[in-house]
Amino acid sequence: TKVGKHDFTVRDVEWQGQPFTNPIYYGVRIARWMGSGRIGSMLDFTHSKAISRRDQEARFEGTLAGQPAPETALIGDIFNKLEASHGHNMLTLNGLLRLPSFSFRVAPYVGIGAGVSLPHSEVHVKGDPARTYEYQMAGPVAQALFGIELRLARMSYFLEYKFTFADYRMPLTERDGYVLPTDLWAQFQRWWRGTEPPGGWAETQFTSHQVIGGLGVRLPAAP
């Protein structure tokens, strides 16, 4: 993780998901199967979390508040906040392929896709009066998935494994945001004006492994 205003890099940060701690994980998707039902597409939104472990000792390089950063320190001793806990949110468009199955009702499938990350960035260095606490568009996301769907008359149940990779570049705007649409509008206005964030940038990469279960409602085919 690289943090901009203070010009330091934190090495080997460990992140936690905490999927069952409020706010819990959730997702929403719209899928459509075409023709014979072997090939499809899916628009998928996933709300997960990425929270740095405050009790981990990490390596620091660079300067902190104009002074050399410590070689090692606890994350909690340097940051009040370093997380995306109101959402390491990902919006992706995926291609789907059904695999051969021995039963009409049990349908395995695979998918691959890409999109954007829309995290609620929460970065606050201790001793700094300013913090960044807002929704942002932070960079590209790629994902791959494998699942099994149990098809009933109008409902479907699915169990799925999903792997995602997100390359984050978060502008440290030093502002408290409100809701996703207004925060993204403010970010777009900064891009349009060419305004650099006052706190610089925080950069990192997230990989995640998720096991997802869900319920789907199938709409009847058009006549």
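Just so it is clear, the model here is predicted, and its values are computed rather than measured.

About the thresholds
- Residues numbered from 1 in each chain as written.
- Predicted model: local features only at pLDDT ≥ 70, side-chain atom pairs only at ≥ 80, totals over all residues.
- Heavy atoms only, no water.
- Helix = DSSP H or I, 4+ residues; strand = E, 2+ residues; numbered from the N terminus.
- Buried < 20%, exposed > 50% of the residue type's maximum accessible area, 1.4 Å probe, protein only.
- Contact = heavy atoms within 4.5 Å.
- Areas by Shrake-Rupley, 256 points an atom, 1.4 Å probe, with all protein chains shown as cover.
- Lys, Arg positive; Asp, Glu negative; His and termini not counted.
- Charge placed at Lys NZ, Arg CZ, Asp CG, Glu CD.
- Expected span 1.5 Å × (residues − 1).
- Arc of directions from axis to C-beta.
- Patch = residues over 30% accessible without salt bridge, like charges linked within 9 Å, V, L, I, M, F, W, Y side chains within 5 Å.
- Salt bridge = Lys/Arg side-chain N within 4 Å of Asp/Glu carboxyl O.
- Pairing = 2+ DSSP bridges.
- pLDDT = per-residue confidence, 0-100.

Draft legend 1. Structural detail: the overall build of the chain. Per the secondary structure count, the chain includes two helices and 15 strands. Seen along its three principal axes, the alpha-carbon backbone of the chain occupies a region of about 65 × 40 × 25 Å. Burial status across the chain gives 42% buried among its 223 residues. Sequence-distant contacts in the chain: of pairs separated by 6 or more residues, those separated by 24 or more amount to 71%. When the accessible surface of the chain is split by element, carbon and sulfur atoms take 62% of a total near 12,500 Å². Mean positive and mean negative side-chain charge positions of the chain (23 and 21 charges, respectively) differ by 13 Å.

Draft legend 2. Layout of helix α2 (residues 180-193). Between its first and last C-alpha atoms α2 spans 20 Å; for 14 residues at 1.5 Å apiece the expected length is 20 Å, and the two agree. Every buried residue of α2 is listed here: D183, A186, Q187 and R190. With its buried residues spanning 100° around the axis, α2 presents them on a single face. α2 presents P181, W185 and W192 as exposed residues on the side facing more than 90 degrees away from its buried surface. Of the surrounding secondary structure, the elements contacted by the buried residues of α2 are β12 (132-135) and β14 (155-171).

Draft legend 3. Representation of a nonpolar patch on the surface. Taken together, the side chains of V106, F146, I148, L150, L152, Y157 and L215 define a hydrophobic patch exposed on the protein surface, amounting to about 590 Å² of accessible area. Tallying contributions element by element places strand β13 (residues 139-151) first for the nonpolar patch, with three residues. Overall, the relative accessible area of 37% leaves L150 in the partly exposed class.

Draft legend 4. How the structure looks around the environment of A130. Tracing the sequence through the fold places A130 in the loop between β11 (120-125) and β12. As for A130 and N22, which are separated by 108 residues in sequence, their C-alpha atoms are 26 Å apart. If we skip the residues at most four places from it in the chain, A130 touches H124 and E174.

Draft legend 5. The arrangement of the pairing of strand β5 (residues 39-52) in detail. For β5, the tally of buried residues reaches 10 of 14 residues, placing the bulk of the element in the interior. Alignment of strand β3 (residues 15-16) against β5, held across two bridges, turns out to be antiparallel. Across the sheet, residue W15 finds its bridge partner in β5, namely S52. Here strand β4 (residues 26-34) runs beside β5; their pairing, made up of nine bridges, is antiparallel. Bridge pairing links I30 to L43 in β5.

Draft legend 6. Representation of the pairing of β14 in the model. Note that β13 and β14 share 11 bridges and pair antiparallel. Directly across from R151, in β14, lies its bridge partner S156. The loop that links β13 with its antiparallel partner β14 comprises three residues.

Draft legend 7. The environment of T207, seen in detail. If you trace the backbone, T207 turns up in strand β15 (residues 201-217). For the pair T207 and D167, spaced 40 residues apart in sequence, the C-alpha to C-alpha distance is 8.9 Å. Apart from the residues lying within four places of it in its own chain, the contact partners of T207 are F163, T164 and F165.

Draft legend 8. How the structure looks around the confidence of the model for the chain. Of all residues in the chain, 96% attain a pLDDT of 70 or more, and the chain-wide mean is 89. Element-level mean pLDDT values for the chain span from 62 in strand β1 (residues 2-3) up to 95 in strand β10 (residues 106-117).

Draft legend 9. Spatial organisation of unusual backbone geometry. Backbone geometry at D12 places phi at a positive 60°, although glycine is not the residue there. On the secondary structure map, D12 appears in the loop between β2 (8-11) and β3. Note on D12: relative accessible area 58%, which makes it exposed. Its identity as a non-glycine residue notwithstanding, E174 has a phi of 60°, on the positive side. Structurally, the position occupied by E174 is in the loop between β14 and α2. The class of E174 is partly exposed, set by a relative accessible area of 28%.

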